[in-house]
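The chain contents come next:
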Amino acid sequence: MTVKSPPEKPVRAPILDKLPSYGIQSDECPRRAKTQLDFIMLAIEALELNASQVMLTAIKELGVQDVLKSRVYLWRLRSTNPLRKFNQRQPLTLEEAKALVLVVCYLCRKLTVLIRQLFLGYQQLQDQQLTLDHHFRLAKYLKRFRAHFRARMNPKRAMVLTYSTDEKLDELALSLLTQLLLCTGTRGEERLWASLFDGEIS
């Protein structure tokens, strides 16, 4: 008689232990965390033309393939953002969110020079009281972000309606650029992870 051994559990990537769970009772990320994480990844897509492939490469290099299993799986996780047109009514687990945070910070470090150039350019425009279109690369980032946001978010949702103008979307894109800059630091993962749970932990 052949005895079937139980299926092996996938090996958990030790790198995920870098981020604490904060004693959160539920394994599911709150709505705000899902939304903010997707917005941040949208900003990366506005910076990196080949973002989708670069994300897959980052997943492999970080060793989190068991959590972020494929391109389709990654899309499904991002679609847990309730503001998306094609929202997936499924949870985003803490472990999946941790893996996404690690990927985001990995990519931000690859884009450090560009992110800093855009942030510095924005500060210079403010100092000189010039409009955003005076900086070509910054204007290009903002244009791409607006296009991505409008193509993927549900215009019928109240929160999406608050970003109905170019000016409001530019404000969002610039605030996300600031977050990306923080992600380039040595403790970027911890800073981003903690920011996703503002108001959720004590």
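Structural notes, computed from the coordinates. (Residues numbered from 1 in each chain as written. Predicted model: local features only at pLDDT ≥ 70, side-chain atom pairs only at ≥ 80, totals over all residues. Heavy atoms only, no water.)

### Concerning the overall build of the protein
Just so we agree on the cut-off: Labels follow the DSSP assignment, with helices taken as runs of H or I lasting at least four residues and strands as runs of E lasting at least two, numbered in each case from the N terminus. Contact between two residues is taken to exist if any of their heavy atoms lie within 4.5 Å; hydrogens are not considered. Every accessible area reported is derived by Shrake-Rupley at a probe size of 1.4 Å, with residue values counting cover from the shown protein chains alone.
Summing up its helical and strand segments, the protein has nine helices and zero strands in all. Along its sequence from the N terminus, the protein presents helices and strands in the succession α-α-α-α-α-α-α-α-α. Of the contacts made within the protein by residues no fewer than 6 positions apart, 73% connect residues no fewer than 24 positions apart. Accessible surface for the protein amounts to roughly 11,600 Å². Of this, 54% is attributable to carbon and sulfur atoms.

### Observations concerning the side chain of Glu96
The line we're drawing: With a 1.4 Å probe rolled over the protein chains alone, any residue whose accessible area is under 20% of its type maximum counts as buried; one over 50% counts as exposed, and the rest are partly exposed. His is not counted, nor are the chain ends, whereas Lys and Arg count as positive and Asp and Glu as negative. We define a salt bridge as a contact between a side-chain nitrogen of Lys or Arg and a carboxyl oxygen of Asp or Glu at a distance within 4 Å.
Its location among the elements puts Glu96 in helix H4 (residues 94–110). Summary of buried charges: Glu96 has no salt-bridge partner, and the nearest side chain of opposite charge, Lys69, is 5.5 Å away.

### Comments concerning the environment of Phe136
As for its placement among the helices and strands, Phe136 is situated in helix H6 (residues 136–152). Owing to a relative accessible area of 65%, Phe136 belongs among the exposed residues under this scheme. Spatially, the C-alpha atoms of Phe136 and Leu118 are 9.7 Å apart, while their sequence positions differ by 18 residues.

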